[in-house]
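# Report on the structure
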Amino acid sequence: MIYSIKLALKSLWFEKWIHMLTVVTIGVGLFVLGLIFFSLYNIEGITSRLPERFSVMVFLSEGTGNREINQLKARLSEDPIVERIKYISKDDALVELRTSLKDAAYILEGLDENPLFPSIEIRLKKNSFDRTRVEGLINELKGLRSVNDVVYGEDLLGTIYTIRNGVKTISAGVILLFSMAIIFVCYSTVKILFYRRKEEIEIFKLLGATKAFIRLPFLIEGGTLGFLGGLLGGAGTYILYRFINGLVISDFPMLGVMHLPLGLVAALPAGGAILGIIGSTIALGRLRF
Amino acid sequence: MIYSIKLALKSLWFEKWIHMLTVVTIGVGLFVLGLIFFSLYNIEGITSRLPERFSVMVFLSEGTGNREINQLKARLSEDPIVERIKYISKDDALVELRTSLKDAAYILEGLDENPLFPSIEIRLKKNSFDRTRVEGLINELKGLRSVNDVVYGEDLLGTIYTIRNGVKTISAGVILLFSMAIIFVCYSTVKILFYRRKEEIEIFKLLGATKAFIRLPFLIEGGTLGFLGGLLGGAGTYILYRFINGLVISDFPMLGVMHLPLGLVAALPAGGAILGIIGSTIALGRLRF
Amino acid sequence: MIGFKDVTRIYDNMTALRKVTFGIEKGEFVYITGPSGAGKSTLLKLIYLAEKPDEGTIRIAGWDTDTLRESAIPYLRRNIGVVFQDFKLLANRTVYDNIALALRIRGFGENEIKGRVQDALKLVGLRHKTDNFPVALSGGEQQRITIARAIVGEPTVLLADEPTGNLDVDNAAGIMKIFKEINARGTTILIATHNRELFRNTGLRVLWFDSGNLVADEEG
Amino acid sequence: MIGFKDVTRIYDNMTALRKVTFGIEKGEFVYITGPSGAGKSTLLKLIYLAEKPDEGTIRIAGWDTDTLRESAIPYLRRNIGVVFQDFKLLANRTVYDNIALALRIRGFGENEIKGRVQDALKLVGLRHKTDNFPVALSGGEQQRITIARAIVGEPTVLLADEPTGNLDVDNAAGIMKIFKEINARGTTILIATHNRELFRNTGLRVLWFDSGNLVADEEG
Ligand SMILES: Nc1ncnc2c1ncn2[C@@H]1O[C@H](COP(=O)(O)OP(=O)(O)OP(=O)(O)O)[C@@H](O)[C@H]1O
Ligand SMILES: Nc1ncnc2c1ncn2[C@@H]1O[C@H](COP(=O)(O)OP(=O)(O)OP(=O)(O)O)[C@@H](O)[C@H]1O
Ligand SMILES: [Mg+2]
Ligand SMILES: [Mg+2]
């Protein structure tokens, strides 16, 4: 066992040049995978933050009394999918309209009296965002006598779902593709390693080495290569993350700060080691005496 | 020469298993590069199409005569950066406002008379999109007596530039990174090939082979591997393109159809062959007798 | 110790050994000879299990090769020291590591390995080459390293394939002396050689092969 | 044809050849002998330019190795056929391709190559092994393939390093007969061997080496 480790380390060091290239290859592969997970993580983050910003407007009927309004407010506050509600009086509504019309606000100057209705703005909870429940709530509200109309971004709702599903579909494809690519790279790397050692393995066998004795150095070597590749890939991902974040902060503040889960950076070396060992095992195949 | 080609092909066939892995590795690398170029191409396409959709609204002063309006229209039509103009009368404007307010359009019901101004919508040319010239035009228009106000997406204008520059910066980094990665992969592949043949090369030398005779099969082999890898990468890119396009058409019609320049698909095998030959040359290094 | 019964080995269309039958007792010293391509190396390969017979059965140290479990092969091989005709030295290990490998495979500790390897190197007269790589050795030196590796594990059977092909008379005599000493300590020895000088007038047993047939079994 | 003047070759701290001076005329048949590690192979390596002398000068076929341009080396080597002590056969090529390689490097056409390779294989008695890979050959067969490769190009100088180390008496005699025929046609021949039987009573020139020193230059 100790000798196997020594053997593996010696071999790693003895052919350090060729192994450096291997590590870089695996590193690049894992870097790409890291990048993809990073992108997915942030896309998921951004799309899942969207519903939070999405609100339902409940326009109240003219002449709805305070009691009814308070009842409705209480009913909505209790609803599990509602984050918070905001009551907007007729006057508030006009101010808001004026603000949103900006330069074109002068079109409101001809108004004699406030034609707007009081309304309640409902912000939905981020996590319990569930289309059928949202629609259920909306239909319930529409049935109320005190409610004149409910305006909700039906289109937006659909779009968010489409985007999320699209992202998920693409994600699945891309992850599958790149995982396969990385396994291929690891496999081919170890297979090449193995081909180069064919003669050595032959001699080991003839001298009476057990299969475990022959395999162990390869597994250790493959694992180490994968681990180092993962370190490299992780470092690359982290550096790119810092770079992108710098760019985002200075040039695209509206996108918010990207997030790189530290677990991902840590997972790359571990994943690399596992992939390396799997690749080595496959590449070694079934030894025969 | 003929023998060198035969030698290369034989060697390719003789070790077809290991070479298949090499081709896959290079293929994956070139596929990633293809993907990046594809993405950049489409991001460029989308951002350069944005200004086309961007328009400047010129609100005319109340009581501006038809002659003045026609003069202004003529002046604008002549401007090299203007794609086309559209005159919107007071009535048109109200219809448009009503449409854009949708469900909330009832707020306009209290209006006695149309409070809106006639306006001219200017669509800017896509190609001659140049910030300073656009601002020059806007300032000129603001100075006119017949013009009440000019509304243009100053923010949007800035954002487009920022996005474009950001994309370019990221592009440069990503392309550099991946080109290096691919050269590394090619190099390491050929270096491994070379290591495996070290003994063979030694024997060739001792039998009196010239350097060209020794190098040629390697270059042919490296080139062929790169070419096949490129074919694979190109095929992969094309398939993904079809897949994404299918997705886009069915789920994100608003993004428009993505474009895959056929030149890119063709460039991958050619680029692969060149990279393979470069990699082989570097890997062979300086032969000594 | 070693028993061949009607053993035939056919490569593709080439019969390397044909219905060979013989037995070797524990502690015997036997030569195998015959012209190039007679099947000498094939015979040794069958004993160290690098080849399997197409027909017939082989018994080694009580094991029947027909019924031997694959996982037992390494342990059987550890009792057999082999001097390969083509040396089979690892080009990327030093002389020391090449010889030590035979012991490391057997799970020896580094201290014991050190002593044993140095002894074996001394025996073949190459202690000054301990840290060289095989490529830096002359043909005869490589051959002696191979011999050192075969004997360092103190095997119960020693197989030597043309062990003096690259050695001058004096060195060859030295090696034969070592073999005889090991044999005296009880090791069964089989030497495949075309060099009749080695066994002439020794009175030792010689198996003569020609084109895969055992043609004579006599004293040298 | 070949002239050594005060040639010394030192590997690291090991002097393989020390101030060696001799000359060989065109058409001579010379043996180089001495114990294992004497420097025989090193001497041949210096002639086929695989090694460079640390001191002294070597002249080969009118070329001075000091002033020889690197690009001329392949062309000089094409005039020298070498039987390597460790064979140096390509494991992934058939016997045919291994021998043909020597001619392909020289730019021969495939038709001429075919005829010549078959002739050379016939000469060493291995026509039936044309399509085998080296691994499927016995030690002596590999050695004869190496010899066939060395002579197939009809070199002006033939260097053979222990060419009969893996051959039985009859095969060795056959090979020596071939060498003598080639020599009769004008080829200069140098054979490094520890096998004194080869030159005993032949009356041919023998250079004796010991620990890198040329200790005798006499008739065998
Ligand atoms: N793997 C193989 N495939 C096909 N033929 C083989 C193989 N190994 C050996 N042979 C053939 O079997 C015959 C016997 O080979 P073997 O190596 O046993 O001869 P040998 O007696 O050791 O000869 P030498 O003295 O030349 O080493 C030879 O003709 C050889 O070509
Ligand atoms: N590349 C090298 N580096 C270091 N030492 C070397 C190298 N090549 C040869 N030697 C040493 O030089 C000495 C002479 O080697 P050489 O191969 O010439 O011997 P030789 O006469 O051919 O012996 P043999 O009959 O055993 O083949 C040997 O002691 C050998 O160890
Ligand atoms: Mg043999
Ligand atoms: Mg030698």
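## Some remarks on the coordination of the magnesium ion (ligand 3)
Residues and elements named next belong to chain C.
- Bound to the magnesium ion (ligand 3) on the protein side are Ser-41 (OG) and Gln-85 (OE1), at distances that span 1.9 to 2.2 Å. Separated by 44 residues along the polypeptide, Ser-41 in helix α1 (residues 40–47) and Gln-85 in the loop between β6 (80–83) and α3 (95–105) bring together distant segments of the chain. Like Gln-85, Ser-41 is buried.

## Description of the pattern of salt bridges
All names here are of chain C.
- This structure, assessed with the given rule, holds 34 salt bridges over all chains.
- In this structure, Arg-104 and Asp-97 form a salt bridge, with 3.1 Å as the shortest nitrogen-oxygen distance.
- You can call Arg-104 buried: its relative accessible area is 8%.
- With a relative accessible area of 10%, Asp-97 lands in the buried category.
- Here Glu-197 makes a salt bridge to Arg-200, at a shortest N to O gap of 3.1 Å.
- Residue Glu-197 is classed as partly exposed on the basis of its relative accessible area, which comes to 47%.
- Classification of Arg-200 as partly exposed rests on a relative accessible area of 45%.

## Re the site of ligand 1
- Taken together, 18 residues are adjacent to ligand 1, and C:Ser41, C:Thr42, D:Ser138, D:Gly140 and D:Glu141 come closest.
- In this structure, ligand 1 is bordered by residues of chains C and D.
- Here an oxygen atom of ligand 1 sits 2.8 Å away from a polar atom, N or O, in the side chain of C:Ser36.
- Taking C:Ser41, its side chain carries an N or O atom lying 2.6 Å from an oxygen atom of ligand 1.
- Listed by contribution, the elements that provide at least two residues to the shell around ligand 1 are β2 (14–24) and α1 of chain C together with α5 (139–151) of chain D.
- A per-class count over the shell around ligand 1 returns six nonpolar, nine polar and three charged.

## Considering the confidence of the model for chain C
- Overall, the prediction assigns chain C a mean pLDDT of 94, with 100% of residues at 70 or greater.
- Across the whole predicted complex the pTM is 0.74, and at the interface the ipTM reaches 0.76.

## Points about the interface of chain A and chain C
- Between chain A and chain C, the residue contacts involve 21 residues of the former and 22 residues of the latter.
- Buried surface at the junction of chain A and chain C, summed over both partners, amounts to about 2,000 Å²; 62% is from carbon and sulfur atoms.
- Broken down residue by residue, the surface that chain A buries against chain C is led by A:Leu206, A:Leu207 and A:Phe289, which jointly contribute 35%.
- For C:Glu70, the salt bridge is made with A:Lys211, and the minimal N-O distance between the two is 2.8 Å.
- At the junction of chain A with chain C, the criterion picks out four residue pairs in polar contact (both at pLDDT 80 or more).

## Brief notes about the packing of aromatic side chains
Residue and element names in this part refer to chain D.
- Per the counting criterion, the structure on display carries 14 aromatic pairs over all chains.
- Seen in terms of ring centroids, Phe-4 and Phe-22 are 4.7 Å apart; in terms of plane orientation they differ by 20°. Their pairing is stacked. Pair noted here: Phe-4 is in strand β1 (residues 2–11) and Phe-22 is in strand β2 (residues 14–24), with a separation of 18 residues, a long-range link.
- Judged by relative accessible area, which is 2%, Phe-4 ranks as buried.
- Classification of Phe-22 as buried rests on a relative accessible area of 7%.
- An angle of 45° between the planes, with centres 5.5 Å apart, marks the rings of Phe-29 and Tyr-31 as tilted. Judged on exposure class, the residue Phe-29 and its partner Tyr-31 are both buried.

## Brief notes about the sheet that holds strand β4 (residues 55–60) of chain D
All names here are of chain D.
- Read across the sheet, four strands follow the order β2-β1-β4-β5 without closing on themselves; strand pairing throughout is antiparallel. Both outer strands of the open sheet, β2 and β5 (63–64), are each paired with one neighbouring strand and no more.
- Alignment of β4 against β5, held across two bridges, turns out to be antiparallel. Counted as the bridge partner of Ile-60 is Trp-63 from β5.
- Of the strands in this sheet, β1, β2 and β4 are in contact with helix α1 (residues 40–47), which crosses β1 at around 120°.

## Here's the deal with helix α7 (residues 198–206) of chain B
- Every buried residue of α7(B) is listed here: B:Glu200, B:Ile201, B:Ile203, B:Phe204, B:Lys205 and B:Leu206.
- Directly after α7(B), the chain includes B:Gly208, whose backbone phi takes a positive value near 95°.

## Points about unusual backbone geometry
- The backbone of C:Lys19 shows a phi angle near 45°, a positive value even though the residue is not glycine.
- According to the relative accessible area criterion, C:Lys19 is exposed, its value standing at 51%.
- Positive phi, close to 45°, is recorded for D:Ser211, a residue that is not glycine.
- If you trace the backbone, D:Ser211 turns up in the loop between β9 (205–210) and β10 (213–219).

## Some details on the packing of α3(C) against helix α5 (residues 139–152) of chain C
Residues and elements named next belong to chain C.
- At a closest axis distance of 8 Å, the pairing of α3 and α5 adopts a crossing angle of 25°. Comparing their axes, α5 and α3 come out roughly parallel. Handedness of the α3/α5 crossing: right-handed. Contacts between α3 and α5 involve Val-95, Asn-98, Ile-99, Ala-102 and Leu-103 from the first element and Ile-145, Ala-148, Arg-149 and Val-152 from the second.
- Partitioning the contact of α3 with α5 into residue classes produces seven nonpolar, one polar and one charged.

## As for the site of ligand 2
- Neighbouring ligand 2 are 18 residues, the closest being C:Ser138, C:Gly140, C:Glu141, D:Ser41 and D:Thr42.
- Mapping the residues near ligand 2 onto chains gives chains C and D.
- In the environment of ligand 2, an oxygen atom lies 2.6 Å from a nitrogen or oxygen atom belonging to the side chain of D:Ser41.
- Its free accessible area being 640 Å², ligand 2 has 93% of it covered by the protein chains.
- If you list the elements that add at least two residues to the shell around ligand 2, you get α5 of chain C together with β2 and α1 of chain D.
- Residues that form the shell around ligand 2 fall into these classes: six nonpolar, nine polar and three charged.

## A look at a nonpolar patch on the surface
- Residues A:Phe227, A:Leu228 and A:Leu231 make up a contiguous nonpolar surface patch of roughly 250 Å² in combined accessible area.
- Relative to the helices and strands, A:Leu228 is located in helix α8 (residues 211–251).

## Side note on the pairing of strand β3 (residues 29–33) of chain C
Residues and elements named next belong to chain C.
- Taken across its five residues, β3 has five buried, putting it largely inside the fold.
- Burial along β3 is two-sided: Phe-29, Tyr-31 and Thr-33 facing one way and Val-30 and Ile-32 facing the other are all buried.
- Two strands pair when backbone bridges link them, and β3 and strand β8 (residues 188–192) are joined in this way by four bridges, in the parallel orientation. If you follow Val-30 over to β8, its bridge partner there is Leu-190.

## Topic: helix α3 (residues 66–78) of chain A
Residue and element names in this part refer to chain A.
- For α3, spanning 13 residues, the distance from its first C-alpha to its last is 18 Å, which sits close to the expected 18 Å at 1.5 Å a residue.
- Of the positions making up α3, those classed as buried are Ile-69, Leu-72 and Leu-76. Relative to the axis of α3, the buried residues are bounded by an arc of 65° and lie together on one face. Turned more than 90 degrees from where α3 packs its buried face, Asn-66, Arg-67 and Glu-78 sit exposed.

## A short note on the sheet that holds strand β9 (residues 205–210) of chain C
Residues and elements named next belong to chain C.
- Across the sheet, six strands lie side by side as β6-β7-β8-β3-β9-β10; this open sheet has mixed pairing. A single partner strand is all that each edge strand has here, and the edge strands are β6 and β10 (213–219). The sheet shows a mean angle of 15° between the axes of neighbouring strands, taken without regard to direction.
- In this sheet, β10 lies alongside β9 in antiparallel orientation, the contact comprising six bridges. Pairing of Leu-207 across the sheet is with Asp-217, part of β10.
- Contacting β6 and β7 (157–161), α5 runs over the sheet at an angle of about 175° to β6.

## Some remarks on the environment of D:Ile58
Residues and elements named next belong to chain D.
- Mapped onto the elements, Ile-58 comes out in strand β4.
- For Ile-58 and Tyr-96, which are 38 residues apart along the polypeptide, the C-alpha to C-alpha distance reads 34 Å.
- In contact with Ile-58, other than residues within four places in its own chain, are Gly-3, Phe-4, Val-7, Leu-46, Pro-53, Trp-63, Asp-64 and Thr-65.

Thresholds applied
Once a new chain begins, its residue numbering starts again from 1 and follows that chain's sequence as written. Think of it this way: whatever chain is written first is A, whatever ligand is written first is 1, and the rest follow in order. Local features in this predicted model are restricted to residues of pLDDT 70 or higher, and side-chain atom pairs are both shown and tallied only at a pLDDT of 80 or more, whereas totals for entire chains, interfaces and linings draw on every residue. Excluding hydrogens and water, the side-chain figures rest on all heavy atoms present in the structure. Each metal's donors are the N, O and S atoms within 2.8 Å of it, or within 3.2 Å when it is Na, K or Ca, and because water is not part of the set, sites may look incomplete. A run of H or I in DSSP becomes a helix once it reaches four residues, and a run of E becomes a strand once it reaches two; helices and strands are each numbered from the N terminus. When a residue's accessible area, from a 1.4 Å probe over protein chains only, is under 20% of the maximum for its type it is buried; when over 50% it is exposed; and in between it is partly exposed. In the sections that follow, a salt bridge refers to a side-chain nitrogen of Lys or Arg positioned within 4 Å of a carboxyl oxygen of Asp or Glu. The criterion for a residue being near a molecule or strand is simple. One of its heavy atoms has to lie within 4 Å of it. Residues adjacent in sequence count toward polar contacts only when both atoms are side-chain atoms; beyond that, a polar contact is any pair of N or O atoms within 3.5 Å, and within protein one must be able to donate a hydrogen and the other to accept it. Amino acids outside the nonpolar list (Ala, Val, Leu, Ile, Met, Phe, Trp, Tyr, Cys, Pro) and the charged list (Asp, Glu, Lys, Arg) are all regarded as polar, and Gly is one of them. The pLDDT score gives, residue by residue, the confidence of the prediction method on a 0 to 100 scale. Note on contacts: a residue pair qualifies if any of its non-hydrogen atoms lie within 4.5 Å across the two residues. By buried area we mean the combined loss of accessible area, with a 1.4 Å probe, across both parts when two parts are placed together. Each Phe, Tyr or Trp ring (for Trp, its six-membered ring) is paired with any other whose centre lies within 6.5 Å, and the angle between the two planes then decides the class: stacked below 30 degrees, edge-to-face above 60, tilted in between. What makes two strands pair is DSSP finding at least two bridges between them. Lines fitted to C-alpha atoms define the axes, with helix axes restricted to the stretch in contact, and inter-axis angles between N-to-C directions lie between 0 and 180 degrees. Put simply, angles under 35 degrees are roughly parallel, angles over 145 are roughly antiparallel, angles from 65 to 115 are roughly perpendicular, and the rest are oblique. Here a crossing is called left-handed whenever its near helix is offset anticlockwise from the far helix by less than a right angle, and right-handed whenever the offset is clockwise. What sets the accessible areas is the Shrake-Rupley method with a 1.4 Å probe; for residues, cover comes only from the shown protein chains. Like-charged residues are merged into a patch within 9 Å and nonpolar side chains (Val, Leu, Ile, Met, Phe, Trp, Tyr) within 5 Å, provided each residue has over 30% relative accessible area and no salt bridge. One fewer than the residue count of a helix, multiplied by 1.5 Å, yields its expected span. The arc in question is the one spanned by the directions pointing from the helix axis to the C-beta atoms.

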